[in-house]
Amino acid sequence: MKRASWGILALLVGAAALVLPALADGGPHGNFTATTDACAGCHRPHQARAANLLTVSGSSRDLCLSCHGSAGLGADTNVEDGVFMERDGITESPAQGRLNAPLRGGGFVNALMDTDFNGTLESQPVTSTHTIDSSPGIAWGGGSEGFGTPVTLECTNCHDPHGNGTFRMLRPIPLESDQEAGVTLADEDPKVYTIAQDQYWNEFYRSGLELSRWCATCHDRYFGSSRRNPQPDQHYMYIHTTNNTFVNCLSCHVAHGTSARMTTDQTQFSASVPWPDGSTTPNGDARSSLLRLDNRGVCQQCHFGNRTSGAR
Ligand code: HEC
Ligand code: HEC
Ligand code: HEC
Ligand code: HEC
Ligand code: HEC
Ligand code: HEC
């Protein structure tokens, strides 16, 4: 019964989205008119099921997944399986996404990726994700010293459900980030949610430098140039350059989750590198750290691979 009403809602919401200007945030998010219908998609004044008067019980993530999940009907971007689907019955402009093509962020449960770079996309269970189940984690590199700061993540730490006109409604200052100056990412026009080339390499937000700066609102100490002075304490003493349009966080990582494997190489180095605090679990495939390719395939792409790039 709930599902059916979401379906109807999705149609209304989708129809409304079509008449919005090109740079509007997608779906029911933002650009509210004086007599908007959008609030009802997520809030009920008297019959709410969760705090903040939300319509779906559980955490705000459950609300997001009621539209953006595998079983959701209200959005084309299925972030659980990491694919773009046409579920609201409305054909979007081709720029919005290729049907059944992989989403740029990977996925939270499964991801459709080509992590062994053999030219074939495969849907596989994810091996690592940003944890969105409200279990606490360490934002590695958070703060100005030490190995990181504790943060409990949900979708809304990063995204503003009310829309804000930025790229993917990313909050300039993510919730629980310790930063005071935010990073505002200009939206892209047209919006493209999917990867165009199946190999899942080298496609990300056009200003990689700004995007890296944004990731570093939580992971402060990962941002910088390899030429920066060595850090005084043992954590992050030397780093690979990450503050460059071509070499940024999303050159090597996806934002949501990856299906990359870390145990396909006989040496298994990458399956067992210690975490910044010295701990050794999780390991194995779970040490895939949101990487775009198996093992250290990402290094190979720029340095000794068959692609031309500035690096050697
Ligand atoms: C009522 C259904 C619905 C709910 C609930 C919902 N969304 Fe959406 N969202 C959409 C639709 C529709 C779009 C347009 C793109 C698409 O079809 O997937 C969208 C787009 C987005 C985008 C891309 C925006 C852009 O401008 O590029 C993000 C990010 C997003 N949603 C995050 C969230 C988060 C986080 C939540 C939970 C707080 C959430 N959504 C809840 C329907 C919904
Ligand atoms: C896509 C789902 C979605 C839509 C549409 C939406 N909200 Fe929200 N709203 C949320 C979520 C989730 C929260 C919880 C706060 C958080 O996690 O950031 C929230 C929180 C709020 C709050 C508490 C203060 C705050 O900002 O945190 C108010 C007030 C509010 N919403 C009003 C509205 C109104 C009015 C509308 C329609 C114009 C609306 N919302 C549309 C999801 C939505
Ligand atoms: C740690 C921050 C973070 C969290 C947590 C997060 N997202 Fe995202 N999300 C991003 C970033 C960054 C992008 C842009 C990725 C890109 O373009 O490569 C994105 C992209 C998206 C998109 C566009 C499709 C895509 O894959 O690029 C949607 C829809 C979305 N997020 C919804 C959600 C929902 C729903 C949740 C919770 C289930 C969530 N996000 C949790 C950071 C986050
Ligand atoms: C709101 C704060 C926040 C933002 C913004 C954020 N992260 Fe994280 N990140 C965390 C937290 C907390 C963890 C540890 C818990 C977990 O794995 O989710 C984490 C973990 C990670 C991990 C390790 C995943 C694993 O396997 O445990 C990687 C890699 C990562 N983040 C990359 C990124 C990148 C790339 C971006 C920008 C697209 C980003 N983060 C933005 C908070 C954040
Ligand atoms: C040149 C590729 C590359 C770039 C660029 C990159 N990373 Fe990583 N990242 C990795 C690899 C490889 C790992 C796996 C751990 C290892 O080998 O030390 C990793 C691991 C992580 C982890 C897990 C904790 C750890 O250190 O093991 C976090 C968090 C992280 N990266 C965040 C970021 C953020 C934030 C940025 C941008 C500021 C970024 N990374 C840029 C390659 C990269
Ligand atoms: C997106 C392209 C790209 C990827 C992916 C990449 N690199 Fe690099 N790498 C570069 C560039 C460009 C430089 C030169 C940057 C500079 O001097 O600031 C560089 C520099 C280096 C250096 C010299 C650093 C120094 O301090 O002088 C090493 C070592 C290195 N990379 C190793 C790696 C490893 C290991 C990986 C995989 C984890 C990797 N690179 C992935 C582009 C890349």
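For the structure itself, consult the block above.
This section reports on the structure supplied with the text. Here, residues in each chain are numbered from 1, in the same order as that chain's written sequence. Each chain gets a letter, beginning with A, and each ligand a number, beginning with 1, in the order they are written. The predicted nature of this model means local features are confined to residues of pLDDT at least 70 and side-chain atom pairs, given and counted, to a pLDDT of 80 or more, with totals for whole chains, interfaces and linings taken over all residues. The basis for every side-chain value is the complete set of non-hydrogen atoms in the structure, without hydrogens or water.

1. Things to note about the overall build of the chain
Right, so step 1: When its secondary structure is counted, the chain shows six helices and eight strands.
Right, so step 2: Along the chain direction, N to C, the helices and strands of the chain fall in the order α-α-β-β-β-β-β-β-β-α-α-α-β-α.
Right, so step 3: Burial classes: relative accessible area under 20% of the type maximum marks a residue as buried, over 50% as exposed, and values in between as partly exposed (1.4 Å probe, protein chains only). Put simply, the chain has 312 residues, and 44% of those count as buried.
Right, so step 4: Should any heavy atoms of two residues lie within 4.5 Å, those residues are counted as being in contact. Nonlocal contacts in the chain, meaning residues at least 24 apart in sequence, comprise 54% of its contacts between residues at least 6 apart. The helix count covers DSSP runs of H or I at least four residues long, the strand count covers runs of E at least two residues long, and both are numbered beginning at the N terminus.

2. Overview of the coordination of the iron atom of ligand 1
Right, so step 1: Here the coordinating atoms are restricted to nitrogen, oxygen and sulfur within 2.8 Å of the metal centre, or 3.2 Å for Na, K and Ca, and because water is not among them the sites may look incomplete. For the iron atom of ligand 1, the full set of protein donor atoms is His29 (NE2) and His68 (NE2), and the range of their distances to it is 2.0 Å.
Right, so step 2: Every donor counted, the six donor atoms about the iron atom of ligand 1 form angles of 87 to 179° at the centre, which fits octahedral coordination. Placement of the pair is His29 in the loop between helix H1 (2–18) and helix H2 (60–68) and His68 in helix H2, with a sequence separation of 39 residues. A site with four donors is called tetrahedral when every donor-metal-donor angle falls between 85 and 135 degrees; four donors are called square planar, and six octahedral, when opposite donors sit more than 155 degrees apart and all other angles fall between 65 and 115; any other arrangement is irregular.

3. What to know about the packing of aromatic side chains
Right, so step 1: Centres within 6.5 Å are what make two rings of Phe, Tyr or Trp a pair, Trp counting through its six-membered ring; a difference in plane orientation under 30 degrees is then read as stacked, over 60 as edge-to-face, and the rest as tilted. All told, the structure shown has five aromatic pairs when counted by the stated rule.
Right, so step 2: The interplanar angle of 55° and the centroid separation of 4.9 Å between the aromatic rings of Tyr222 and Tyr236 together place this pair among those described as tilted. Taken as a pair, Tyr222 in the loop between helix H4 (208–215) and helix H5 (249–252) and Tyr236 in the loop between H4 and H5 lie far apart in primary sequence, 14 residues in all.
Right, so step 3: You can call Tyr222 partly exposed: its relative accessible area is 33%.
Right, so step 4: With relative accessibility at 13%, the residue Tyr236 sits in the buried group.

4. Some details on the site of ligand 5
Right, so step 1: Taken together, 17 residues form the shell around ligand 5, and within it Tyr222, Cys249, Cys252, His253 and Arg296 come nearest.
Right, so step 2: We define a polar contact as two N or O atoms separated by no more than 3.5 Å, with the added condition that, inside protein, one atom must be a possible hydrogen donor and the other a possible acceptor, whereas residues neighbouring each other in sequence contribute only through side-chain atom pairs. Within the side chain of His253, a nitrogen or oxygen atom sits 2.8 Å from a nitrogen atom of ligand 5.
Right, so step 3: Side-chain polar atom of Arg287 to an oxygen atom of ligand 5: 2.8 Å apart, as the coordinates give it.
Right, so step 4: Of all elements in the fold, only H4 and H5 reach the threshold of two or more residues within the shell around ligand 5.
Right, so step 5: Among the residues forming the shell around ligand 5, the class breakdown is eight nonpolar, seven polar and two charged. Whether a residue is near a molecule or strand depends on its heavy atoms: it is near if one of them lies within 4 Å of it. Basically, the charged four are Asp, Glu, Lys and Arg, the nonpolar ten are Ala, Val, Leu, Ile, Met, Phe, Trp, Tyr, Cys and Pro, and anything else, Gly included, counts as polar.

5. Structural notes on the environment of Leu209
Right, so step 1: Tracing the chain through its elements places Leu209 in helix H4.
Right, so step 2: For the pair Leu209 and Asn244, spaced 35 residues apart in the sequence, the C-alpha separation amounts to 5.1 Å.
Right, so step 3: Once you skip the residues sitting within four places of it in the chain, Leu209 turns out to touch Phe223, Asn243, Asn244, Thr245 and Asn248.

6. Brief notes about the nonpolar core
Right, so step 1: Here, the term nonpolar core denotes a set of buried Ala, Val, Leu, Ile, Met, Phe, Trp, Tyr and Cys residues that are joined through side-chain atoms within 4.5 Å. Phe167, Leu170, Val183, Leu185, Phe204, Tyr205, Leu211, Trp214, Cys215, Cys249 and Leu250 form the largest nonpolar core, which has eleven residues in total.
Right, so step 2: Elements supplying a minimum of two residues to this core: H4 and H5.
Right, so step 3: Per-element tally for this core: the top contributor is H4, with three residues.
Right, so step 4: Each residue touching Val183, except ones within four places of it in the same chain, is listed here: Pro172, Glu210, Arg213, Trp214 and Thr217.

7. Considering the site of ligand 4
Right, so step 1: What surrounds ligand 4 is a group of 20 residues, the closest being His130, Thr131, Cys215, Cys218 and His219.
Right, so step 2: Between a nitrogen atom of ligand 4 and a side-chain N or O atom of His130, the distance comes to 2.8 Å.
Right, so step 3: Within the backbone of Thr131, one N or O atom sits 2.6 Å away from an oxygen atom of ligand 4.
Right, so step 4: At the level of secondary structure, the elements contributing two or more residues to the shell around ligand 4 comprise strand E5 (128–129), strand E6 (136–140) and H4.
Right, so step 5: Looking at the shell around ligand 4 element by element, the count peaks at three residues for E6.

In short, shape yes, function no, at least from these values alone.
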